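Notes for the structure review
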Amino acid sequence: MIRRRTWRSLHSVIERDRTSLRVLPGLRNGVGILIPLVWGLKSGHLLSGIGVAVGALVAGFAGNAGTARRRLRTMLFATAWMSVTTFMGALAGHRAWLIVSVAALSGWLSGMMLGVSQPSGQVGLLATNALILISTSPQSVSGALYRACLVACGGLLQTALMLAVDLVSPQSAEAQSVSKVYRKLGAYAASPSRQSDLELAASLVEASDLLRDSYMPKRHRSRLYRLLDGAEQIRMYVVALAEIARGRAYAQELGDAVFAGDILRQCAPIFSALGDHVWLIAQGDKRAQPLMYILERASAELSAIAQSAQGGERKEETAAHVEAVARSLMALRDDLVQPGVHALPPEALESTASKIKQAWQALQSHLTWDSAIFRHALRVAIAVGIGETLAVALPWSHAYWVPLTANIILRPDFTSTFTRGIARVLGTMAGLLLATLLLAAVPDRTGMFASACIVVFGSLMYMWVTYNYALFSCALTALMVVLLSMFERQAPIPTMADRMLATLVGSALAILIYLMWPTWQHQQVNRALAQAVERERDYFRGVLGVFAEGGKGSPRRLARERQAVRVSRTNAAAAVRQVLAEPVAPPMSAHIMVAILVGMHRFSDTLLSLEAYTWEGRAARPLTQGEEEIARWVDRALSSLADELRNGAGEMVIDPSGELWHQGSVRSHVEAMEVHWRALDVIARAVVRLYHVIQTLARVTHEIDADPPQDSSS
């Protein structure tokens, strides 16, 4: 088991994410590094040019992804933090005890900033590395201030370039995220599966997150929100059709599986075409007019198909979903051709002060020993402190690579730390060899060749930062070797062995400190699964609330609950993947964790399908007494499962008291409904299916017999 898990972690070192290859940001950031180097060479102030280039390098990391508003905010934050740490590092470098203390404190702050957001943590990490680097060349107060100003100029230069490129960019990150939603919707319609549904859910979460943090014109932003809302609505009907096409027990008698599959395949290219034209639609560009005609024509054709299916024994029920898709496409088309501006949802109108308050509250919430982020921050502080102590004490000329490497490798979870450690060592060795051989082979007295190498390696580094960590480490190391060779004026070959040795020591230090005080993901996965179950329960209550309100529920409230389900299920799936890559066996078996994820996926599909029926007006009746009793049983079972998961028990027990499993009346209602299955409507069938999802989970966790005995009261 340990060997298999360890091999899985090692295999992830060579994995690549093709969607994360960022070519344009890489080239833009490379230009941001090139400009100060050219200025330094032409003016004769090469070291000052390198100082500006370092500021541009770090700010480029901060502005590599996200909306323009988010990138601007993060880049300015990175520039300010980098300037402060540069000033402190230049001053503290005179005293060994002071630089060790300051570096450890900076490492702790950077670790804590991961609790606010991933970009904030990345900025903190880079600022700490800048502090360590600059401390190797101590300065007076005026010299430290001059260094800090150079770094600030580099950050502002990179920020200005980012804004300039955005002005001429054909698309925005917001539009690209909404476009991705429609492409994933088309992929799901073409081939409904659990994986394609998870990818669609993740894209919806990403698009909603980006649209909330945007300063694009309200006219464009409101159209993107309308497109996102339209995708959300269409998805419900697509899921309902997919449930019929896949022959789900609760839906197979309510529709024709072949007919539903044909409709999904016909709709898939329509959704993909919407994805290809999102930015034109958002701008109100006339080139999007043919697509409006396509939507109108597709809506009419789907309506005609639905009408022709009326009277069919099994096609009629499926046709109602087809008609709902047609109405949704037409409503989307009508909204998009209107010249007016739609109102933005409340979550899109959050002020900057509100965001700062949320960030501060997030930071405060992690100031506890129970927080994985707090433990990570302490590990970083210890690793950087020990690494900086070694850098001061060891006679190596490049011993500062020890704390640099330890700081880069350490992550909150074992899988990332372990794989990043291996990838860092491999990438660093490759980068050292590549850069050293290039500098040794090409004579360069003017600095032009070294500057060209910096631009090339810098651009590749930004392109590969989320593509593959080993390649990123290779480019980063090669860039640092060239920069330092220009700054230190040392021959590359003699320094290569020192850097390699320091990298190995730093990697070993990071992994050793993590193993001495680990935060295993399997200790946290219960909470992630519990939250997924709780959000499903909230959505379940919301959908049932529509029946209690006579089919007049709040679409906005249900949309929020659906979004919460997507976020929690995505987080739970990521946590389970990390657990499966850890070298130690978790107290809860992988079989049970996967079973809970699959169960919640089926639960969510059923609720999405049921909600689709409610908005079609075909499920507006109140629940019967038997259905209400089954629904209360399902609600209590979900609450019990969530409670047990939060308690962290190794063996999951739904309802330890056994009260639920001895309610014979509930089982009697289910059996009676199954006897008259063909006469049931979609509400009754959905309630029965939800009951069986819980029963299946219970059987998987060995809580009840494969064939539970009848209770005497039944």
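Residues numbered from 1 in each chain as written. Predicted model: local features only at pLDDT ≥ 70, side-chain atom pairs only at ≥ 80, totals over all residues. Heavy atoms only, no water.

Take the overall build of the protein chain next. A tally of regular secondary structure across the protein chain gives 27 helices and zero strands. Within the protein chain, the fraction of its 714 residues that count as buried is 56%. Relative to all contacts within the protein chain whose residues are 6 or more apart in sequence, the contacts with residues 24 or more apart total 80%. When the accessible area of the protein chain is evaluated, it comes to approximately 29,600 Å², of which 61% is carbon and sulfur surface. (Helix = DSSP H or I, 4+ residues; strand = E, 2+ residues; numbered from the N terminus. Buried < 20%, exposed > 50% of the residue type's maximum accessible area, 1.4 Å probe, protein only. Contact = heavy atoms within 4.5 Å. Areas by Shrake-Rupley, 256 points an atom, 1.4 Å probe, with all protein chains shown as cover.)

Once that is clear, we can look at helix 9 (residues 194-212). For helix 9, spanning 19 residues, the distance from its first C-alpha to its last is 27 Å, which sits close to the expected 27 Å at 1.5 Å a residue. Buried residues of helix 9: S196, D197, L200, A201, S203, L204, A207, S208, L210 and L211, and no others. (Expected span 1.5 Å × (residues − 1).)

All right, on to the pattern of salt bridges then. Pairing is possible between side chains of opposite charge, provided their charged atoms come close. All told, the structure shown has 13 salt bridges when counted by the stated rule. A salt bridge links R70 to D209; the shortest N-O distance between them is 3.2 Å. Placement of R70 in helix 4 (residues 68-92) and of D209 in helix 9 is noted, with a sequence separation of 139 residues between them. One connected set of salt bridges, linked through shared partners, spans R70, D209 and R212. (Salt bridge = Lys/Arg side-chain N within 4 Å of Asp/Glu carboxyl O.)

A few words now on the nonpolar core. Membership of the largest hydrophobic core comes to 115 residues, with the highest contact counts inside it found for Y182, L224, L227, L529, I596, F603 and V634. Here this core gets 14 residues from one element, more than from any other, and that element is helix 10 (residues 218-245). For Y182, the contacting residues outside a window of four places in its chain are L227, G230, A231, F271, S272, L274, G275, V278 and L332. In this structure, M75, V102, Y467 and F472 belong to the second largest nonpolar core, which totals 77 residues. (Core = buried A, V, L, I, M, F, W, Y, C linked by side-chain atoms within 4.5 Å.)

For the structure shown, the criterion picks out three aromatic pairs. Consider the rings of F77 and W81, whose centres lie 5.4 Å apart with planes at 50°: the pair is tilted. Placement of the pair is F77 and W81 together in helix 4, with a separation of four residues, close to one helical turn. The buried category is assigned to W81, whose relative accessible area is 15%. Taken together, a centroid distance of 4.7 Å and an interplanar angle of 45° make the contact between W633 and Y691 tilted. Of the two residues, W633 sits in helix 25 (residues 625-647) while Y691 sits in helix 27 (residues 682-700), which places them 58 residues apart along the sequence. Comparing W633 with Y691, the two get one shared label, buried. (Phe/Tyr/Trp six-rings, centres within 6.5 Å; stacked < 30°, edge-to-face > 60°.)

The subject of this paragraph is the environment of L608. Residue placement: L608 occurs in helix 24 (residues 590-615). For L608, a relative accessible area of 1% gives the class buried. C-alpha of L608 to C-alpha of M236: the two residues are 372 residues apart in sequence and 5.3 Å apart in space. Every residue in contact with L608, bar those within four places of it in the chain, is listed here: R235, M236, V239, Y539 and R562.

Looking now at the state of the cysteines. Counted by the stated rule, this structure contains zero disulfides. Lacking any disulfide linkage, C153 is separated from the closest cysteine sulfur, that of C149, by 6.6 Å. (Disulfide = S-S within 2.5 Å.)

Moving on: the environment of L210. Note on placement: L210 falls in helix 9. C-alpha of L210 to C-alpha of A68: the two residues are 142 residues apart in sequence and 9.8 Å apart in space. Not counting chain neighbours up to four residues away, the residues in contact with L210 comprise G66, T67, R70, A173, E174 and S177.

What follows concerns the packing of helix 3 (residues 46-62) against helix 4. Where helix 3 contacts helix 4, the two axes come as close as 8 Å, and the packing angle between them is 140°. As judged from the angle between their axes, helix 3 and helix 4 are oblique. You can see that helix 3 and helix 4 cross each other, and the crossing is right-handed. Between helix 3 and helix 4, the contacting residues are V54, V58, A59 and A62 on the first element and T74, M75, A78, T79 and M82 on the second. Residues that form the contact of helix 3 with helix 4 fall into these classes: seven nonpolar, two polar and no charged. (Axes fitted to C-alpha atoms, helices over the stretch in contact; angles between N-to-C directions. Parallel < 35°, antiparallel > 145°, perpendicular 65-115°, else oblique. Left-handed = near helix turned anticlockwise from the far one by under 90°. Nonpolar A, V, L, I, M, F, W, Y, C, P; charged D, E, K, R; others polar.)

Tracing the backbone through its elements, the reader meets R562 in helix 23 (residues 555-581). Under the relative-accessibility criterion, R562 is labelled buried at 7%.

With their axes 10 Å apart at the nearest point, helix 2 (residues 23-43) and helix 7 (residues 141-168) run at an angle of 140° to one another. Between helix 2 and helix 7, the angle is such that the two are oblique. Classified by chirality, the crossing of helix 7 by helix 2 is right-handed. Residues L24, R28, N29, V31, G32, I33, I35 and P36 of helix 2 pack against L157, Q158, L161, M162 and V165 of helix 7. Here the contact of helix 2 with helix 7 is built from residues that sort into nine nonpolar, three polar and one charged.

Quick look at the environment of Q364 now. When you line up the elements, Q364 lands in helix 15 (residues 352-365). With 252 residues separating them in the primary sequence, Q364 and M112 have C-alpha atoms 9.6 Å apart.

So, on to the confidence of the model for the protein chain. Of the residues in the protein chain, 82% reach a pLDDT of 70 or more, and the chain-wide mean stands at 78. The least confident element of the protein chain, judged by mean pLDDT, is helix 1 (residues 2-11) at 49; the most confident is helix 5 (residues 96-112) at 91. Of the regions scoring below 50 in pLDDT, residues 705-714 engages in 12 contacts with residues more than four places distant in sequence or in other chains. (pLDDT = per-residue confidence, 0-100.)

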